[in-house]
Amino acid sequence: MNAYNDPLIYIQGPPVFHLPPREKADIQMEEQVIDQEQEQEQEQEQEQVEEESTSIYEPRTSMTDKTFAILEKLKFLAKPFQRKVYRPLVFHFEDGSFLQGEVEKVEDELVTFLVGAGELMTYRVDQVDRIIWRGVEMK
């Protein structure tokens, strides 16, 4: 090797291969065809599911945008990694009370909080007003 071929910086990681432009185009075309086939299969499955569904199920229309956003945050915080990273959490409720703990699980419109040493408390999602992490409201 000479000075022109020596790497300027070495970053430990997997090897990187560069494909010639013609091969890149072929791979992209194959991916597009595969993606289109998958989309068609999904549409067919959705049509089958829609045909099989009954009118007993009523979609949620009572949930406001704010409540839906809080529900999404709670589902995010219920995952194992996020439960360890996002500590301490303080949950403020509509009645003015607050609770310090972590999200144990989220089911439909109910959320279960783990408070202290194994104590579980369950609330409706629409009762949660805001979520505070390290003194800042989670967006």
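Residues numbered from 1 in each chain as written. Predicted model: local features only at pLDDT ≥ 70, side-chain atom pairs only at ≥ 80, totals over all residues. Heavy atoms only, no water.

From N to C terminus, the chain includes three helices and six strands. Put simply, the chain runs from its N terminus to its C terminus through helices and strands in the order α-α-α-β-β-β-β-β-β. Here the chain holds 139 residues, and the buried ones make up 20% of them. Long-range pairs, those at least 24 residues apart, make up 46% of the contacts in the chain with a sequence separation of at least 6. Summed over all atoms, the accessible surface of the chain reaches about 11,800 Å², with 52% contributed by carbon and sulfur. (Helix = DSSP H or I, 4+ residues; strand = E, 2+ residues; numbered from the N terminus. Buried < 20%, exposed > 50% of the residue type's maximum accessible area, 1.4 Å probe, protein only. Contact = heavy atoms within 4.5 Å. Areas by Shrake-Rupley, 256 points an atom, 1.4 Å probe, with all protein chains shown as cover.)

Moving on to the packing of aromatic side chains. According to the stated counting rule, one finds six aromatic pairs in the structure shown. Centre to centre, the rings of Phe93 and Phe113 are 6.1 Å apart; their planes meet at 75°, and the pair counts as edge-to-face. Taken as a pair, Phe93 in strand β1 (residues 89-93) and Phe113 in strand β3 (residues 110-115) lie far apart in primary sequence, 20 residues in all. A single burial state applies to Phe93 and to Phe113, both of which are buried. An aromatic cluster of at least three residues, connected via ring pairs, comprises Phe91, Phe93, Phe113 and Tyr123. (Phe/Tyr/Trp six-rings, centres within 6.5 Å; stacked < 30°, edge-to-face > 60°.)

Within the largest apolar cluster, 19 residues are counted, with the highest numbers of intra-cluster contacts made by Leu74, Phe91, Val103, Val111, Phe113, Val128 and Ile131. Broken down by secondary-structure element, the contributors of at least two residues to this core are α2 (65-77), β1, β2 (98-107), β3 and β5 (128-133). The leading source of residues in this core is α2, at four residues. Excluding anything up to four places from it in sequence, Phe113 contacts Leu74, Phe91, Phe93, Leu99, Glu102, Val103, Glu104, Glu119, Leu120, Met121, Tyr123 and Val128. (Core = buried A, V, L, I, M, F, W, Y, C linked by side-chain atoms within 4.5 Å.)

So, on to the sheet that holds β1. Taken in spatial order, the six strands make up an open sheet running β4-β3-β2-β1-β5-β6, and their pairing is antiparallel. If you trace the sheet from one side to the other, it starts and ends with β4 (119-124) and β6 (136-137), each paired once. α2 rests against β1, β2, β3 and β5 of the sheet, and its axis sits at about 45° to β5. (Pairing = 2+ DSSP bridges. Axes fitted to C-alpha atoms, helices over the stretch in contact; angles between N-to-C directions.)

On to a nonpolar patch on the surface, then. Together, Leu8, Ile9 and Ile11 make up a nonpolar patch on the protein surface, roughly 440 Å² of accessible area in all. Along the polypeptide, Leu8 turns up in the segment before α1 (21-52). Using a relative accessible area of 89% as the deciding quantity, one classes Leu8 as exposed. (Patch = residues over 30% accessible without salt bridge, like charges linked within 9 Å, V, L, I, M, F, W, Y side chains within 5 Å. Salt bridge = Lys/Arg side-chain N within 4 Å of Asp/Glu carboxyl O.)

Take the environment of Glu107 next. Along the chain, Glu107 turns up in strand β2. Between the C-alpha atoms of Glu107 and Lys75, which are 32 residues apart in sequence, the distance is 9.0 Å.

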